[in-house]
Amino acid sequence: MTPSSTPSPEGSAKPARELWGTRWGFVLAAVGSAVGLGNMWRFSYIAAEGGGAAFLLLYIVMIALLGIPLMLCELTVGRKTHLSPIGALRELGGKGWVPLGLLFVLTGFLILSYYSVIAGWTLRYAAEAATVGFAPDAGAHFGEIAAGGSAVAWHLGFMVLTIAIVMVGVQKGIERAALVLMPSLMLIILGLAVWAFFLEGSAEGYAFYLMPDVGELMDTTVLVQATGQALFSLSLGMGAMLTFASYLSRDTDLNQEAVTISFADFGVAFAAGLVVFPVIFALGLQDSVTESTVGALFISLPGAFVEMGAAGRIIGLLFFVALGVGAITSAISLLEVVTSSMIDEFGIGRRNAAIGVGILIGIVGIFSALNTDFLGLVDAIAGDLFLVLGGLAMAIFVGWIMKADPAQELARGAGEGFKVIIPTVLFLIRFVLPPVIAIVLFFSLQNSWIEVRAFFGLG
Ligand code: PHE
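Residues numbered from 1 in each chain as written. Predicted model: local features only at pLDDT ≥ 70, side-chain atom pairs only at ≥ 80, totals over all residues. Heavy atoms only, no water.

**Some thoughts on the overall build of the protein**
So, step 1. Secondary structure summary: the protein contains 19 helices and zero strands in total.
So, step 2. Computed over its C-alpha atoms, the radius of gyration of the protein comes to 21 Å, within 12% of the 23 Å expected for a compact globule of 459 residues.
So, step 3. Across its three principal directions, the C-alpha atoms of the protein cover 65 × 50 × 50 Å.
So, step 4. Counting only residues that meet the buried cut, the protein has 58% of its 459 residues in that class.
So, step 5. Excluding contacts between residues fewer than 6 apart, the proportion of contacts in the protein whose partners are at least 24 apart in sequence is 84%.
So, step 6. Carbon and sulfur atoms make up 69% of the accessible area of the protein, which totals about 17100 Å².
So, step 7. Across the protein, the centroid of the 20 positively charged side chains sits 16 Å from that of the 31 negatively charged ones. (Helix = DSSP H or I, 4+ residues; strand = E, 2+ residues; numbered from the N terminus. Rg over C-alpha atoms; globule rule 2.2 N^0.38 Å. Buried < 20%, exposed > 50% of the residue type's maximum accessible area, 1.4 Å probe, protein only. Contact = heavy atoms within 4.5 Å. Areas by Shrake-Rupley, 256 points an atom, 1.4 Å probe, with all protein chains shown as cover. Lys, Arg positive; Asp, Glu negative; His and termini not counted. Charge placed at Lys NZ, Arg CZ, Asp CG, Glu CD.)

Here you go:
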């Protein structure tokens, strides 16, 4: 791809938009958005509880049948319009679709507010591993980390870092960060997975993680969780991929990128499981695994690292650095959705937009930092319900509504091999995604309602 910064917006009066400098810049930034906290802890527990190897197969099928087509929906709309979500939906759908763009912005805002809190815990663990080591009583220490002023301080510190990168711009900030950070993260995770293989007692960990349990798959909650996790992990349903694609030149082959991004995301999630479970089982801490709460990984892993002595400290440092890296590249994309919307809608400069919305998100996040139940509530609403709703709307929009021919848009820049399957992809977008995601939405509504009631003490 030719590096450029002045696209010719096909005769429209839009101002020139900054573009990615290189193809890998875009791919790694999108992989960076996808790979994050979701891959490294949420995924492992869902997989282990949802049927192990059987779940992995189901998850791969969901990524191929739902994830990739949905990602293509977002990528086409972004590339076509060169606009952030609100403007893009307005251009291709009319004013009636602006609310969906607003939902995307709200979702990005809310997810980042608590994501940054968890990322703050991660940075704190990394900093401690580098300086004083992991605390002997992991459970009690997590209690200190995830509460009060220190949780707030690390959350705000993480927000400052995120703002600093987004403020600088697409090529110099986001792309440059991704080019350095993503390969490092992958090397660390792969290295750790190889190391974990040689741990004594790791076999039991693999057995727990990968033992196929087909019975679990009959449970609808597993299907719903697999879908929700696929959306969250691939950063779909809130316009992140749409926004990143709006910085692509019009002739990019989106299909190849969608496949690369999705499988890189799956690969990191899978590899992270190959680190987490052998470590926990080798140290006999499996009891903590069955609790898939927000904090489980943040207690059992440091507990394992502390028992491993000096080696554990180095391994633990690497693990939390990788987790922190994943978190920052995801946070960048969340902030970018909100920031680019401010830039496009109100004509605010990038710097001021990033700082302004970043501060607001930081303030809202304080509530999650001080109360992990509140964090869980926002996660259930924005990180689950809103993504599913957004994904459903996006599939309907591209399949049935938008004022552009989806088949032609998908074919633009596509290689010959992919052109052949475009009718299939379009069929999936029109007829398979809407009903399947609608079913998931129904369950997700139920689940969020339970969370809301529980939060307010209504049972
Ligand atoms: N995909 C990210 C993760 O797995 C989270 C995320 C969701 C980022 C939605 C952007 C948009 O951690």
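On we go.
**A few points about helix α19 (residues 416-455)**
So, step 1. Along its length, α19 shows its largest kink, about 45°, at Ile422, and proline Pro423 lies within four residues downstream of that point.
So, step 2. Once α19 finishes, Gly457 follows within two positions and takes phi at roughly 70°, a positive value. (Bend = angle between axes of the 7 residues up to and from the residue.)

**With respect to the environment of Gly303**
So, step 1. Looking at the secondary structure, you find Gly303 in helix α14 (residues 296-307).
So, step 2. Using a relative accessible area of 10% as the deciding quantity, one classes Gly303 as buried.
So, step 3. When the C-alpha atoms of Gly303 and Phe134 are compared, they prove to be 7.9 Å apart, with 169 residues separating the residues in sequence.
So, step 4. Those residues in contact with Gly303, other than ones at most four positions away along the chain, are Ala138 and Leu285.

**A look at the packing of helix α3 (residues 53-81) against helix α11 (residues 220-233)**
So, step 1. At their nearest, the axes of α3 and α11 sit 9 Å apart, and the two run at 50° to each other. Between α3 and α11, the angle falls in the class oblique. For the pair α3 and α11, the crossing hand works out as right-handed. In this structure, α3 uses Phe55, Leu58, Tyr59, Met62, Leu66 and Leu70 to contact α11, whose residues at the interface are Val222, Leu223, Ala226, Thr227, Gln229, Ala230, Leu231 and Ser233.
So, step 2. Class assignment for the residues of the contact of α3 with α11 results in 11 nonpolar, three polar and no charged. (Axes fitted to C-alpha atoms, helices over the stretch in contact; angles between N-to-C directions. Parallel < 35°, antiparallel > 145°, perpendicular 65-115°, else oblique. Left-handed = near helix turned anticlockwise from the far one by under 90°. Nonpolar A, V, L, I, M, F, W, Y, C, P; charged D, E, K, R; others polar.)

**Digging into the site of the ligand**
So, step 1. Surveying the vicinity of the ligand reveals 14 residues, the closest of which are Ala34, Gly38, Tyr115, Phe232 and Ser235.
So, step 2. Interatomic distance of 2.9 Å between a backbone N/O atom of Ala34 and a nitrogen atom of the ligand.
So, step 3. Note that an oxygen atom of the ligand is positioned 3.3 Å from one of the side-chain N or O atoms of Asn39.
So, step 4. Protein coverage of the free-state accessible area of the ligand, which is 320 Å², stands at 100%.
So, step 5. Counting only elements with at least two residues in the shell around the ligand, the list comes to α1 (23-34), α2 (37-49), α11 and α15 (309-346).
So, step 6. Grouping the constituent residues of the shell around the ligand by class yields six nonpolar, eight polar and no charged. (Near = heavy atom within 4 Å. Polar contact = N/O pair within 3.5 Å; in protein donor to acceptor, adjacent residues only side chain to side chain.)

**Focus on the confidence of the model for the protein**
Atomic detail in the predicted coordinates should be set aside for any region of low pLDDT.
So, step 1. Mean pLDDT over the protein: 91, with 94% of residues reaching 70 or higher.
So, step 2. Overall, residues 1-12 carries pLDDT values under 50, and its contacts beyond four positions in sequence, including any with other chains, amount to 22 contacts. (pLDDT = per-residue confidence, 0-100.)

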